[in-house]
Amino acid sequence: MNDTDHYPVWRDRASVLPQHALPQHGLSRLVHHATRSQSPRFKNALIRWFIRRYRVDMSEAQTPDPLQYPSFNAFFTRALKPGARPLAGGAETCMSPVDGRVSQLGTIAGGRIFQAKDRDFSTLELFGGNARLAERFAGGAFATLYLAPRDYHRVHMPLAGTLESMIYIPGRLFSVNPATTRAVPRLFARNERVAMFFASPAGPMAIVMVGAMLVGSIETVWAGETTSPRGRSIREWRYGEGGEPPVTLERGAELGRFNMGSTVIVLFAENAIRWEPALAADSRILMGQRLGVISARQ
């Protein structure tokens, strides 16, 4: 499905080996603390280095002066200028929730999601073993979107939706860069993640925010930080009648953000969405760009 044949397997595995030995959660706690430091000397030096290292385009930012951010995390999760990401037209258009690259997209076959050559994982394990939720997406469609460090790191709604439930699933914190995706089996079902389930115009819609190496936390606009560096057990929230207050978000509205970068997986039920034909593994995509369209069979 992609260019993985061009990458020597031994090189990917060798590059990932140190991650198995690293104290992943300990490092993330350290980064969580450091990136919130408001020491001008420390945070300004870190922000300047980051902009040079990753060639960040600050002209798109609502606050283009990097020294105006109170912390590195505030810079990293910076807002964009109004109009910087126009939304693809039409209520039937499923838009990209993030800036990034397509890792993979396609059909959920036999309850499994393609990750890379010889690598896949199940929706059941992605959703923390919840068979009821996994069944809703049997035979459906998925798109896995990778956010590089230089990307805009807020996550937006692909379609309008009403939140029904949310699950926090603890796990490892492997990097989610392309080499690790090719080398680590079931990567996205092993890493810490937050899965959100919406009722949308296309039917059931799931958005999974996957944590990664040095990701201090994942936030949602309705619950704040939903992950913890010390999280060890699955937690579930229900919304609407008998649960938390209802949450309804319009298409394009911000739903959350990564405090450091990672991956978003968007899932729909069978025959709900047709992905944009021009998109394939490694395609560059921006938030608001057309990702697919609601199927006429809905």
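Residues numbered from 1 in each chain as written. Predicted model: local features only at pLDDT ≥ 70, side-chain atom pairs only at ≥ 80, totals over all residues. Heavy atoms only, no water.

### Quick word on the packing of aromatic side chains
Rule in force here: Here a pair means two rings of Phe, Tyr or Trp (six-membered ring of Trp) with centres within 6.5 Å. Their orientation is stacked below 30 degrees between planes, edge-to-face above 60, and tilted elsewhere. Every helix listed is a DSSP run of H or I at least four residues long, and every strand listed is a run of E at least two residues long, numbered separately from the N terminus. For the exposure calls, accessible area comes from a 1.4 Å probe over protein chains only, and a residue counts as buried if that area is under 20% of its type's maximum, exposed if over 50%, partly exposed in between.
Considering all chains together, one arrives at 15 aromatic pairs under this definition. Summarising the aromatic geometry, the rings of Phe50 and Phe75 are spaced 5.8 Å apart at their centres and angled 80 degrees between planes, so their arrangement reads as edge-to-face. With Phe50 in helix 3 (residues 40–54) and Phe75 in helix 4 (residues 72–76), this residue pair connects regions lying 25 residues apart in the sequence. Among the residues examined, Phe75 registers a relative accessible area of 0% and is labelled buried. Each ring, one from Phe127 and one from Phe137, has its centre 5.7 Å from the other, and the planes form 65 degrees; the classification is edge-to-face. Placement of Phe127 in the loop between helix 5 (123–126) and helix 6 (131–136) and of Phe137 in the loop between helix 6 and strand 5 (141–146) is noted, with a sequence separation of 10 residues between them.

### Re the side chain of Glu192
Using the following cut-off: We call two N or O atoms a polar contact when they sit within 3.5 Å, provided that within protein one can donate a hydrogen and the other can accept it, with sequence-adjacent residues counted only if both atoms are side-chain atoms.
Looking at the secondary structure, you find Glu192 in the loop between helix 8 (187–190) and strand 8 (193–200). Given a relative accessible area of 5%, Glu192 falls into the buried group. At 2.5 Å, the side chain of Glu192 forms a polar contact with the side chain of Tyr168.

### Structural notes on the confidence of the model for the protein
Rule in force here: Scored from 0 to 100, pLDDT reflects the predictor's confidence in each residue. Any two residues having at least one pair of non-hydrogen atoms within 4.5 Å are treated as being in contact.
On average, residues of the protein carry a pLDDT of 87, and 84% of them reach 70 or more. A low-confidence stretch, residues 1–7 stays under pLDDT 50, and its non-local contacts, those more than four residues away or across chains, total 13 contacts.

### Overview of the pairing of strand 15 (residues 263–268)
As a reminder, the rule being used: Paired strands, as defined in this entry, are two strands with at least two bridges between them according to DSSP.
Counting buried residues in strand 15 gives 6 out of 6 residues, a clear majority hidden from the surface. Neither face of strand 15 is open: one carries Thr263, Ile265 and Leu267, the other Val264, Val266 and Phe268, and all of them are buried. Pairing geometry for strand 5 and strand 15, over 6 bridges, is antiparallel. Paired with Phe142 across the two strands is Leu267, which belongs to strand 15. Across 6 bridges, the pairing between strand 9 (residues 203–210) and strand 15 is antiparallel. When the sheet's bridge partners are listed, Ala206 is paired in strand 15 with Leu267.

### Re the environment of Gln115
Here Gln115 lies in strand 3 (residues 112–116). With 10 residues separating them along the chain, Gln115 and Leu105 place their C-alpha atoms 9.1 Å apart. Those residues within four positions of Gln115 in sequence are excluded, and the remaining contacts are Gln104, Asp120, Phe121, Thr181, Val184, Pro185, Arg186, Leu187 and Phe188. Reaching out from Gln115, the side chain makes a polar contact with the backbone oxygen of Thr181 at a distance of 2.8 Å. A distance of 2.8 Å separates a polar side-chain atom of Gln115 from the backbone oxygen of Val184.

### Overview of the environment of Tyr152
As for its position among the elements, Tyr152 is in the loop between strand 5 and strand 6 (154–156). Note on Tyr152: relative accessible area 8%, which makes it buried. In sequence terms Tyr152 and Ala61 are 91 residues apart; their C-alpha atoms lie 9.2 Å from each other. A polar atom in the side chain of Tyr152 sits 2.8 Å from the side chain of His156.

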